[in-house]
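Descriptive structure summary
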Amino acid sequence: MTSKNNLSTKIIILVECILLISSILFCTVSVYRAKMGIRRAINQRMLDIANCASGSINGDILKAIDSDDIGSPEYNEIYNTLTIFRDNVGELEYVYSIKEDGKGGYMFVMDTDPNDPGAYGDSVTYTEALDKAGHGTAAVDTVPYSDAWGEFYSAYSPVFDSSGKVAGIITVDFSEDWYEDQLSSQTRSTISGHFVILLFTLMVAAFLSFTTVRPFVRMQGRLLEGKMRAESANNAKSDFLANMSHEIRTPINAVLGMNEMILREYSQTEENDSLDVPTARKALDNIGTYSEDVRKAGHNLLAIVNDILDFSKIEAGRLDIADAPFSLSSLIVDLNNMTLFKAQDKDLEFSIEADSSLPDALSGDEVRIRQILTNLLNNAVKYTDRGSVRFMISGEKTSDDTLLLKAVVRDTGIGIRPEDIDKLFTKFERLEMQHNSTVEGTGLGLAITKRLLDMMGGNINVDSTYGKGSVFSVRIPVKIISSDKTIGNIQAHLGMDTPKVGAYHESFRAPNAHILVVDDTKINLTVVVNLLKSTQIKIDTATSGAEAIRKAAANLYDLILMDQRMPEMDGTEALHRIRDDAYSASNRVPVICLTADAVMGAKDRYIAEGFSDYITKPIDSTSLEKMLIRHLPEDKVIKTVAEVTDTVSVDIPVSDDWGTLRLAGIDPQTGLHYCKDNEELYRGLLKEYATIKAEKTEDLNRCLAEENWQDYGVYVHSLKSTSKMIGAADLSAQALKLETAANNEDIDTIRAEHDDMMTKYEVVTRAIISVIPEAAGPGDDRDVIEFSPASDK
Ligand code: ADP
């Protein structure tokens, strides 16, 4: 930008210099020519005087005068005539007549000087002009000459006799001083005239430069600038695309690769007829690990997309800074939880030092402050291979209700070269790519951080020693809501509120609520249905806009979750049709837009279309639940403890319960794993398992008695899957064996193993009922039976 400005300024200066130099040249030439003209004019005037004098002299008389005639009337006549000239023409110094001396030179005839006249016959200083006059042509000296009377320029005019011959010469002397004075004074006035012209020319040049040249050059500059900007935007776009394609491909590859591994593991396990518990457990462990990798990759991908969206929002000036209350201690604890594991993964030491006197109740944009600090902490961990990451938080009250929050992140990592520090905050700029190519990143984090800080009135400072480590310090002004409570000893909180990774609890239940979920992709429906399973909401699904319209017309739903992009009819059109149908039962219910369209302005656009709210894919279960709580009828929402206290702590079951289950061959860990570590879900599953046991037993026994192997196979398949889900691997394996036997009509195996399997089923169920008494099925008297391993048989 600066170089482009310099370029246009240079062009303007060049044009102006050309104008100035040509004006000066023009003026110099003009002055020179004028000086010549002035000299000519002075000479002409001198000649005129000389000619005038010679014109009044009789050539025949002059010719005839010699030394004897001095004082004669003829002599006096000429003398008087010349004297009149001398006395009346102010400029001239002397006037006299001369003639050839017959020896090639010239001599005085008479001199009108009253004081020191030249005597008849005295020689006269020879000049070219004099000689020219001697030959009949009036002339003026071009250079001064000097004689006994001084230094002069003289004009010489010949006097002719009646025969036309030169009879003598009338000479008029002008002092050199007079001549030079004339010349310089006239030149001065000419120069000042030209100076005025020069000034005027310069003014005209400046005016033209301002009105024509500058705009022209600026326009050229702008064009050049536009071109350069377009080129650099193009380069940035290419770099960006290359970088993004790499960044996005990496997690997508991980998702696809890991998913492939899960599928293989699943089918190998499924096909293994003689699956034993350790093998099954190993397979499950593998699947768990792969799933965790998929989850991480998905989160990375989402983080990249969010960074891009954030950046585009900031660039377009569409990102607003919120102002809402938040707890500083919770923020610090969350940052600790987030960073600790990552640091531990890389064997780095991580420590937090927070000034205990800092007020806890603050107000500001917590999400953005968290984003800034998370980015600095993540970078510190990412770019450090050995040593430690330290996080220090302090503050300075700048007024009664304002705190300048200071956060410092210090690492012992790779450091940054001094010449690279300025590039840190440039978008898409990543340093040391030859060393960092395996480190995930978009080069957007610090650019976003810097811009967010600017928007909040904060700032960032970097101090780094290449190869040794870096210190990133930020200052963020926040409001103090109350100074009554301080954050206290933050160390005491660290680790206490650490959520169990992956633990999930629904924040509400709404068994009486009835919603419709619309999505053309069945797997997305499955995701939503499963995410909401524990809320007990009754869920209908539709796989097209048309089906959604039909179902909405027939049922009064409490809410509709509508996917936006669907073939044939998109979500917006389906919404309009539902709203416009006066007879539709659900034409007034809240409809929430479900879309992957998270770009700027999307929310406003969908709300403007008539959607009640908007949620982006991939769906975050917490956001989904929050949204449902907001839009479902209040009387149908029962908030659970988790939502009310907003805590993630889980009631860890008493080990006795789990011990009882383990004795019966149930591995609660496996069961919990299938329930996303949601213990409540697991307990519900166990209860359901035990509740239907009587019915299932009856079905299996009946099929055995009736030798209905086909149905036997169906029922035993179901026992296999449900036993697997609760962690009863042994029972599940035996059910698989009998399912295979039923499919093969292997009656002997069925008859040999059926009772054993049913006994195991009984043992498992009893253990469940002893842990969850309400799991006893209808008519089941086992709720009074005390389970003991002895009842195994
Ligand atoms: P990225 O997504 O690449 O981490 P950032 O904008 O957060 O993007 O950082 C830009 C670049 O600054 C990084 O690619 C890295 O080269 C450098 N950088 C950032 N933080 C650190 C740090 N703590 N130590 C060394 N280099 C860092």
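Because the structure is predicted, anything quoted here is derived from the model rather than measured. (Residues numbered from 1 in each chain as written. Predicted model: local features only at pLDDT ≥ 70, side-chain atom pairs only at ≥ 80, totals over all residues. Heavy atoms only, no water.)

**Let's talk about the overall build of the protein**
Looking only at helices and strands, the protein has 23 helices and 20 strands in total. With 793 residues in all, the protein has 42% of them scored as buried. For the protein, contacts bridging at least 24 residues in sequence account for 67% of all contacts bridging at least 6. In the form shown here, the protein has an accessible surface area of approximately 41,500 Å², with 54% of it arising from carbon and sulfur atoms. (Helix = DSSP H or I, 4+ residues; strand = E, 2+ residues; numbered from the N terminus. Buried < 20%, exposed > 50% of the residue type's maximum accessible area, 1.4 Å probe, protein only. Contact = heavy atoms within 4.5 Å. Areas by Shrake-Rupley, 256 points an atom, 1.4 Å probe, with all protein chains shown as cover.)

**Here's the deal with helix α3 (residues 73–88)**
The periodicity of an α-helix, 3.6 residues per turn, causes residues three or four places apart in sequence to face the same way. Taking 1.5 Å per residue as the helical rise, α3 with its 16 residues ought to reach 22 Å, and the 22 Å between its terminal C-alpha atoms agrees with that figure. Every buried residue of α3 is listed here: Tyr-75, Ile-78, Thr-81, Leu-82, Thr-83, Phe-85 and Arg-86. (Expected span 1.5 Å × (residues − 1).)

**What to know about the packing of aromatic side chains**
In the structure shown here, the tally under the stated rule is 11 aromatic pairs. On the basis of an interplanar angle of 45° and a centroid distance of 6.3 Å, the ring pair of Tyr-145 and Phe-152 is categorised as tilted. Judged by relative accessible area, Tyr-145 falls into the buried class, the value being 9%. Take Phe-152: its relative accessible area is 2%, and that puts it in the buried class. (Phe/Tyr/Trp six-rings, centres within 6.5 Å; stacked < 30°, edge-to-face > 60°.)

**Comments concerning empty space enclosed by the protein**
Taken as a whole and judged by the stated rule, the model has two cavities of 30 Å³ or more. In this structure, the largest cavity is lined by Tyr-94, Tyr-96, Phe-108, Asp-111, Asp-113, Asp-147, Trp-149 and Asp-173. Counting only elements with at least two residues in the lining of the largest cavity, the list comes to β1 (94–100) and β2 (106–111). Of the residues assigned to the lining of the largest cavity, the class counts are four nonpolar, no polar and four charged. With four residues, the top contributor of residues to the lining of the second largest cavity is helix α7 (residues 328–345). For the lining of the second largest cavity, a count of residues per class yields nine nonpolar, no polar and no charged. (1 Å grid on protein atoms, 1.4 Å probe; cavity = no way out; pocket = protein on both sides within 12 Å on 5 of 7 lines; lining within 4 Å. Points joined across faces, edges and corners; volume = space filled by probe spheres on them. Nonpolar A, V, L, I, M, F, W, Y, C, P; charged D, E, K, R; others polar.)

**Some details on a nonpolar patch on the surface**
Judged by side-chain polarity, Phe-200, Val-204, Phe-207 and Leu-208 come together as a nonpolar surface patch covering roughly 390 Å² of accessible area. Checked against the element boundaries, Val-204 lands in helix α5 (residues 176–271). Under the relative-accessibility criterion, Val-204 is labelled partly exposed at 32%. (Patch = residues over 30% accessible without salt bridge, like charges linked within 9 Å, V, L, I, M, F, W, Y side chains within 5 Å. Salt bridge = Lys/Arg side-chain N within 4 Å of Asp/Glu carboxyl O.)

**Focus: the pairing of strand β10 (residues 388–399)**
Of the pairings in the sheet, the one linking strand β8 (residues 349–354) to β10 comprises six bridges and is parallel in character. Residue pairing across strands places Glu-349 opposite Ser-388, the latter belonging to β10. Where β10 lies against strand β11 (residues 402–411), 10 bridges are found, and the strand directions are antiparallel. Within the sheet, the bridge partner assigned to Phe-391 lies in β11 and is Val-409. (Pairing = 2+ DSSP bridges.)

**Brief notes about the environment of Leu-405**
Position of Leu-405 among the secondary structure elements: in strand β11. Ignoring anything within four residues of it in the chain, the contact list for Leu-405 reads Leu-328, Ile-393, Ser-394, Gly-395, Val-474, Arg-475, Ile-476 and Val-478.

**Structural notes on the sheet that holds strand β16 (residues 538–542)**
If you trace the five strands from one edge of the open sheet to the other, you get β16-β15-β17-β18-β19, paired in parallel fashion. Across the chains shown, the open sheet's two edge strands, defined by having one partner strand only, are β16 and β19 (613–616). Neighbouring strand axes in the sheet, compared pairwise and without regard to direction, differ in orientation by 20° on average. Taken together, the five bridges between strand β15 (residues 514–518) and β16 define a ladder with parallel strand orientation. Following the sheet pairing, Val-518 is matched in β16 by Ala-542. Across the sheet, helix α13 (residues 571–580) lies against β17 (559–563) and β18 (591–595), angled at about 150° from β17, the strand it touches most. (Axes fitted to C-alpha atoms, helices over the stretch in contact; angles between N-to-C directions.)

**Here we look at a negative patch on the surface**
Together, Glu-93, Glu-151, Asp-177, Glu-180 and Asp-181 give the surface a local cluster of negative charge. If you tally residues by element for the negative patch, the top one is α5, at three residues. You can call Glu-180 partly exposed: its relative accessible area is 31%. (Lys, Arg positive; Asp, Glu negative; His and termini not counted. Charge placed at Lys NZ, Arg CZ, Asp CG, Glu CD.)

**Looking at the nonpolar core**
Phe-391 and Val-474 are the most contacted members of the largest nonpolar core, which has 48 residues in total. With seven residues, the top contributor of residues to this core is helix α8 (residues 366–382). Excluding residues within four positions of it along the chain, Phe-391 makes contact with Leu-335, Phe-350, Ser-351, Ile-352, Glu-353, Leu-373, Leu-377, Ala-407, Val-408 and Val-409. Listed in part, the 36 residues of the second largest apolar core include Leu-661, Leu-686, Tyr-689 and Leu-700. (Core = buried A, V, L, I, M, F, W, Y, C linked by side-chain atoms within 4.5 Å.)

**What about the packing of α8 against helix α10 (residues 445–456)?**
Where α8 meets α10, the axes come as close as 10 Å, and the angle between the chain directions of the two elements is 145°. The handedness of the crossing between α8 and α10 is left-handed. Where α8 abuts α10, its residues Arg-368, Ile-369, Gln-371, Ile-372, Asn-375, Leu-376 and Asn-379 lie against Gly-445, Leu-446, Ile-448, Thr-449, Leu-452, Leu-453 and Met-456. When grouped by side-chain class, the residues that make up the contact of α8 with α10 number eight nonpolar, five polar and one charged. (Left-handed = near helix turned anticlockwise from the far one by under 90°.)

**Topic: the packing of helix α21 (residues 709–726) against helix α22 (residues 729–743)**
Closest axis-to-axis distance for the α21/α22 pair is 8 Å, and the angle between their directions is 160°. Looking at the two axes, α21 sits roughly antiparallel to α22. Considering only the axes of α21 and α22, their crossing is left-handed. For the pair formed by α21 and α22, the contact residues are Trp-709, Tyr-712, Gly-713, Val-716, His-717, Leu-719, Lys-720, Ser-723 and Lys-724 on the first element and Leu-731, Ser-732, Ala-735, Leu-736, Leu-738, Glu-739 and Ala-742 on the second. Each residue belonging to the contact of α21 with α22 can be placed in one class, and the counts come to nine nonpolar, four polar and three charged. (Parallel < 35°, antiparallel > 145°, perpendicular 65-115°, else oblique.)

**Concerning the confidence of the model for the protein**
When pLDDT drops low, the exact placement of atoms in the prediction is not to be read closely. Put simply, the protein has an average pLDDT of 82, and 86% of its residues get 70 or more. A low-confidence stretch, residues 641–655 stays under pLDDT 50, and its non-local contacts, those more than four residues away or across chains, total 16 contacts. Per-residue pLDDT stays below 50 along residues 779–793; that stretch engages in 21 contacts with residues further than four places along the chain or on separate chains. (pLDDT = per-residue confidence, 0-100.)

**Quick look at helix α20 (residues 693–706)**
Under the 1.5 Å per step criterion, the end-to-end length of α20 is 20 Å for 14 residues, consistent within 8% with the ideal 20 Å. Regarding α20, the residues found buried are Lys-693, Lys-696, Thr-697, Asp-699, Leu-700, Cys-703 and Leu-704. Here the buried residues of α20 occupy an arc of 165° about the axis, which is enough to place them on one side. Those residues of α20 that are exposed and angled more than 90 degrees off the buried face are Glu-695, Glu-698, Ala-705 and Glu-706. Contacts from the buried residues of α20 go to α19 (679–691), α21 and α23 (747–771). Positioned one or two residues after α20, Glu-707 has a phi angle of 55°, which is positive. (Arc of directions from axis to C-beta.)

**Some points on the side chain of Asp-173**
Structurally, the position occupied by Asp-173 is in strand β6 (residues 166–175). For the buried Asp-173, which has no salt bridge, the nearest side chain bearing the opposite charge is Arg-86, at an N-O separation of 11 Å. Engagement of the side chain of Asp-173 in a polar contact is seen with the side chain of Tyr-145, the distance being 3.3 Å. Asp-173 has contacts with Leu-92, Glu-93, Tyr-94, Tyr-96, Tyr-145, Phe-152, Tyr-153 and Ser-154, leaving out every residue within four places of it along the chain. (Polar contact = N/O pair within 3.5 Å; in protein donor to acceptor, adjacent residues only side chain to side chain.)

**Quick look at the side chain of Asp-365**
Of note, Asp-365 is situated in the loop between β9 (359–364) and α8. Although Asp-365 is buried, it forms no salt bridge, and the closest oppositely charged side chain is Arg-368 at an N-O distance of 4.6 Å. Ignoring anything within four residues of it in the chain, the contact list for Asp-365 reads Asp-320, Ile-321, Ala-322 and Met-456.

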